[in-house]
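Here are the chains, one letter per residue:
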Amino acid sequence: MPLPRFDRLPPERRELILGVARRHFAEHGTEGASYNKIIEAVGVSKTAAYHYFDGREDLLAVVLEGVFERLLGAIGPWVPARDEADFRSRFAAGSAALAAHLRDHPEDLALADAAIGRADGGRWLDWFGALVTDGQRLGVIRTDVDHGLLVSVTAAVVRAADAWALARMTTESLAEAADLPEDEAWAQLWSLLHGLWGGAVGAPAAGAGEDPTDAR
């Protein structure tokens, strides 16, 4: 955690320091980024830097916590669905929001795995745990496989699909990217989840933000 003197800095100064550090960690990796180069880029002395953080690992922890909080904020809480169509729609909307955030924040994308790992996956997997539990309640997701395994594998599939899709989303607008039923990447994701969840999930809903009753 940062030292008290860092918390007393003006917000814009704190964000400048963390922004520079985030860029270095994203570009050079959590192991390869140089603490001295980060300090130099920020424009503070090494003595001053040690008044803000205990060292490189302390700074990295703060950066990754910020990334993690933004990921959770992007995906939003899981809200129990009314029925299978609503389940698909809610899942599509959360996944689209996460993909859009990662596409628009490449540094968060580069550090996402490290951030989730540093947080031990607990709060991250909680979201997928709520999703799987809700899907099983609705009969959308199989119940013959260990719940924890389904949660972990679902999270891993979504994360891999996001990374794959973002590598291809170089020209689409946010609106186009959110049009999940027409998006090849999301067709691939739903195909994977169809098999993982036991074939209970059909094609994506007619629109991530539509009321499922309107599509009937």
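Along each chain, the written sequence defines residue order, and numbers are assigned to residues from 1. Two thresholds apply to this predicted model, a pLDDT of at least 70 for residue-level local features and 80 or more for giving and counting side-chain atom pairs, whereas whole-chain, interface and lining totals are computed over all residues. Side-chain metrics in this entry use all non-hydrogen atoms of the structure; hydrogen atoms and water are not considered.

1. Points about the nonpolar core
Right, so step 1: To qualify as a nonpolar core, a set must consist of buried Ala, Val, Leu, Ile, Met, Phe, Trp, Tyr and Cys residues joined through side-chain atoms within 4.5 Å. When a residue's accessible area, from a 1.4 Å probe over protein chains only, is under 20% of the maximum for its type it is buried; when over 50% it is exposed; and in between it is partly exposed. Residues Phe25, Phe53, Leu59, Phe91, Leu131 and Trp197 are the most contacted members of the largest nonpolar core, which totals 54 residues.
Right, so step 2: For the purposes of this entry, the term helix denotes a DSSP run of H or I that reaches at least four residues, the term strand denotes a run of E that reaches at least two, and both are numbered from the N terminus. Among the elements that take part in this core, helix H5 (residues 56-75) stands out by supplying 9 residues, more than any other.
Right, so step 3: Residue contacts are defined here by distance: any two heavy atoms, one from each residue, within 4.5 Å place the two residues in contact. If we skip the residues at most four places from it in the chain, Trp197 touches Phe87, Phe91, Leu131, Val140, Ile141, Arg142, Leu150, Thr154 and Trp190.

2. Side note on the packing of aromatic side chains
How two aromatic rings sit relative to each other is set out by the distance from centre to centre and by the angle between their planes.
Right, so step 1: Centres within 6.5 Å make a pair out of two Phe, Tyr or Trp rings, where for Trp the six-membered ring is used; the pair is then stacked when the planes are under 30 degrees apart, edge-to-face when over 60, and tilted otherwise. Within the structure shown, the criterion is met by 10 aromatic pairs.
Right, so step 2: On the basis of an interplanar angle of 75° and a centroid distance of 5.7 Å, the ring pair of Tyr35 and Tyr50 is categorised as edge-to-face. On the criterion of sequence distance, the pair formed by Tyr35 in helix H3 (residues 35-42) and Tyr50 in helix H4 (residues 46-52) is long-range, its members being 15 residues apart.
Right, so step 3: A ring pair is formed by Phe87 and Trp197, whose centres lie 5.9 Å apart and whose planes are at 65°; its orientation type is edge-to-face.

3. Focus: helix H6 (residues 84-104)
Side chains three or four residues apart in an α-helix point the same way, a direct result of the helix having 3.6 residues per turn.
Right, so step 1: Expected span, for any helix, means 1.5 Å times one less than how many residues it has. For H6, spanning 21 residues, the distance from its first C-alpha to its last is 30 Å, which sits close to the expected 30 Å at 1.5 Å a residue.
Right, so step 2: Among the 21 residues that make up H6, 16 are buried, leaving the element largely enclosed by the rest of the structure.
Right, so step 3: The N-cap of H6, judged by a side-chain oxygen 3.3 Å from the amide nitrogen of Ala85 a few residues on, is Asp83. Between N or O atoms, a polar contact is any pair within 3.5 Å; within protein, one atom must be a potential hydrogen donor and the other a potential acceptor, and residues adjacent in sequence are included only when both atoms are from side chains.

4. Digging into the packing of H6 against helix H8 (residues 122-138)
Right, so step 1: The contact between H6 and H8 brings their axes to 10 Å, and the two run at 165°. With respect to H8, the axis of H6 lies roughly antiparallel. Considering how the two elements wind past one another, H6 and H8 form a crossing that is left-handed. When H6 is examined against H8, the residues Glu84, Phe87, Phe91 and Leu98 are found in contact with a partner set consisting of Trp124, Trp127, Leu131, Asp134, Gly135 and Leu138.
Right, so step 2: Taken together, the residues of the contact of H6 with H8 break down into 7 nonpolar, 1 polar and 2 charged. Every axis in this analysis is a line fitted to C-alpha atoms, fitted for helices over the stretch in contact. Angles between the N-to-C directions lie between 0 and 180 degrees. An angle below 35 degrees is treated as roughly parallel, one above 145 as roughly antiparallel, one from 65 to 115 as roughly perpendicular, and anything else as oblique. The hand of a helix crossing depends on one turn: near helix anticlockwise from the far one by less than a right angle means left-handed, and clockwise means right-handed. Each residue is assigned to one of three groups, with Ala, Val, Leu, Ile, Met, Phe, Trp, Tyr, Cys and Pro labelled nonpolar, Asp, Glu, Lys and Arg labelled charged, and all others, Gly among them, labelled polar.

5. Looking at the environment of Ala160
Right, so step 1: Tracing the chain through its elements places Ala160 in helix H9 (residues 147-168).
Right, so step 2: Residue classification places Ala160 among the partly exposed positions, given a relative accessible area of 47%.
Right, so step 3: With 29 residues separating them along the chain, Ala160 and Leu189 place their C-alpha atoms 9.2 Å apart.

6. Remarks on the pattern of salt bridges
Right, so step 1: Salt bridge, as used here: a side-chain nitrogen of Lys or Arg that lies within 4 Å of a carboxyl oxygen of Asp or Glu. Under the criterion given, the structure shown has 13 salt bridges.
Right, so step 2: With its nearest N and O atoms 2.9 Å apart, the salt bridge here joins Arg70 to Asp108. Placement of the pair is Arg70 in helix H5 and Asp108 in helix H7 (residues 106-118), with a sequence separation of 38 residues.
Right, so step 3: For Arg70, a relative accessible area of 29% corresponds to the partly exposed category.
Right, so step 4: For Arg103, the salt bridge goes to Asp104, with nearest N and O atoms at 3.3 Å.
Right, so step 5: Looking at Arg103, the relative accessible area reads 17%, which means it is buried.
Right, so step 6: The class of Asp104 is partly exposed, set by a relative accessible area of 44%.
Right, so step 7: Linked through salt bridges whose partners overlap, the residues forming this network are Glu15, Arg22 and Glu107.

7. Some thoughts on the packing of H5 against H7
Right, so step 1: With their axes 8 Å apart at the nearest point, H5 and H7 run at an angle of 100° to one another. As summarised for this structure, H5 and H7 are arranged roughly perpendicular, according to the angle between their axes. Judged by residue contacts, Glu57, Leu60, Ala61, Val63, Leu64, Val67, Phe68, Arg70 and Leu71 of H5 engage Asp108, Leu111, Ala112, Ala114, Ala115, Ile116 and Arg118 from H7.
Right, so step 2: The residue inventory of the contact of H5 with H7, partitioned by class, reads 12 nonpolar, no polar and 4 charged.

8. Let's talk about the confidence of the model for the chain
Right, so step 1: Overall, the prediction assigns the chain a mean pLDDT of 82, with 81% of residues at 70 or greater.
Right, so step 2: Scored from 0 to 100, pLDDT reflects the predictor's confidence in each residue. Across residues 170-182, confidence stays below pLDDT 50; counting only partners more than four residues off in sequence or on other chains, it has 18 contacts.

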